[in-house]
Amino acid sequence: MDNQQSTKLSFGGEIQEAFMRRAIALSEESVKRGGGPFGAVIVKDGEIIAEGSNNVTLHNDPTAHAEVSAIRRACEQLHTFDLQGCDIYTSCEPCPMCLGAIYWAHIDRIFYANTKDDAANIGFDDAFIYEEIDRPLSVRKKPARQLLREEALRVFRMWEEDTEKTEY
């Protein structure tokens with residue numbers, strides 16, 4: 001979408017398929033531009049309010065997945081960090097990072113086309129991330145060491161005591 005412009009799609013009983021077709025079209029456009037084969041749209045009240053495609057290699061940004069890009073645009077469009085009342089249509093089952101972002105954004109429903117197994121078959125295998133999440137910190141492949149917990153807890157207490165904070 002250009003300039004955060006909303007696009008209303010009205011295809012009767014096939015509106016969900018129309019939104020998914022747009023996500024798939026975005027994934028195809030991404031491949032043609034040199035990006036990854038992923039696209040996503042966020043819908044609120046029957047309108048596409050944001051779109052995203054995979055720009056990891058185009059922007060040298062490992063977080064520039066289609067879903068995350070669409071979430072960022074939707075939040076800008078709606079001037080909120082809470083996307084309750086929205087659905088996401090994505091050309092592939094979300095990876096762990098995108099799934100986490102979808103939950104943090106409070107998106108109501110996820111619709112997807114390709115599965116994570118389909119993605120793994122073309123080299124986008126995120127099973128290792130799911131496996132790592134289930135492992136204790138001490139046996140993960142990426143070493144993790146806790147430092148300065150007491151200093152950091154001071155900031156958590158400050159947040160907890162702030163009566164004017166915006167909770168999310």
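Residues numbered from 1 in each chain as written. Predicted model: local features only at pLDDT ≥ 70, side-chain atom pairs only at ≥ 80, totals over all residues. Heavy atoms only, no water.

1. A look at the overall build of the protein
Then, in step 1: Along the protein, the regular secondary structure elements total seven helices and five strands.
Then, in step 2: Start at the N end of the protein and walk to the C end: the helices and strands fall as β-α-β-β-α-α-β-α-β-α-α-α.
Then, in step 3: In terms of overall dimensions, the protein has a C-alpha envelope of 55 × 45 × 30 Å along the principal axes.
Then, in step 4: Residues classed as buried in the protein amount to 32% of the 168 residues present.
Then, in step 5: Taking contacts inside the protein between residues at least 6 apart in sequence as the whole, the part at least 24 apart equals 49%. (Helix = DSSP H or I, 4+ residues; strand = E, 2+ residues; numbered from the N terminus. Buried < 20%, exposed > 50% of the residue type's maximum accessible area, 1.4 Å probe, protein only. Contact = heavy atoms within 4.5 Å.)

2. Quick word on the nonpolar core
Then, in step 1: Membership of the largest hydrophobic core comes to 18 residues, with the highest contact counts inside it found for Ile42, Ile71, Ala74, Leu83, Ile88 and Ile107.
Then, in step 2: At the level of elements, strand E2 (39-44), strand E3 (47-53), helix H3 (66-78) and strand E4 (86-92) are the ones that each hand at least two residues to this core.
Then, in step 3: Top contributing element to this core by residue count: H3, with five residues.
Then, in step 4: Leaving out residues up to four positions away in the same chain, Leu83 has contacts with Ile42, Ile71, Ala74, Cys75, Leu78, Ala105, His106 and Ile107.
Then, in step 5: The next biggest cluster of nonpolar side chains, apart from the first, holds nine residues, and it includes Met20, Leu26, Ile48 and Phe111. (Core = buried A, V, L, I, M, F, W, Y, C linked by side-chain atoms within 4.5 Å.)

3. Notes on the confidence of the model for the protein
Then, in step 1: Scored by pLDDT, the protein comes out at a mean of 92, with 92% of its residues at no less than 70.
Then, in step 2: A low-confidence stretch, residues 1-12 (pLDDT under 50), is modelled with 25 contacts involving residues beyond four sequence positions or located in other chains. (pLDDT = per-residue confidence, 0-100.)

4. A short note on H3
Residues lying three or four places apart along an α-helix face the same way, a consequence of the helix completing one turn every 3.6 residues.
Then, in step 1: End to end, H3 covers 18 Å across 13 residues, agreeing with the expected 18 Å (1.5 Å per residue, within 8%).
Then, in step 2: Buried within H3 we find Ala66, Glu67, Val68, Ser69, Ala70, Ile71, Ala74 and Cys75.
Then, in step 3: After H3 finishes, the residue His79 shows a positive phi value of roughly 55°. (Expected span 1.5 Å × (residues − 1).)

5. Examining the packing of aromatic side chains
Then, in step 1: Under the counting rule described, the total for this entry stands at six aromatic pairs.
Then, in step 2: When the ring of Phe81 is compared with that of Tyr168, the centres are 6.0 Å apart and the planes differ by 75°; the resulting orientation is edge-to-face. In this pair, Phe81 sits in the loop between H3 and E4 while Tyr168 sits in the segment after helix H7 (149-161), placing the two residues 87 residues apart along the sequence.
Then, in step 3: Owing to a relative accessible area of 66%, Tyr168 belongs among the exposed residues under this scheme.
Then, in step 4: Taken together, a centroid distance of 4.5 Å and an interplanar angle of 10° make the contact between Tyr89 and Phe111 stacked. Taken as a pair, Tyr89 in strand E4 and Phe111 in strand E5 (residues 109-114) lie far apart in primary sequence, 22 residues in all.
Then, in step 5: Look at Tyr89 and you get buried, because its relative accessible area is 3%.
Then, in step 6: Here the aromatic residues Phe81, Trp104, Trp159 and Tyr168 are joined through ring pairs into a cluster of three or more.
Then, in step 7: Cation over ring: Lys116 sits above Tyr130, and NZ or CZ is 4.6 Å from the ring centre.
Then, in step 8: Sitting over the face of the ring of Trp159, Lys165 holds its NZ or CZ atom 5.3 Å from the ring centroid. (Phe/Tyr/Trp six-rings, centres within 6.5 Å; stacked < 30°, edge-to-face > 60°. Lys NZ or Arg CZ within 6 Å of the ring centre and 35° of its normal.)

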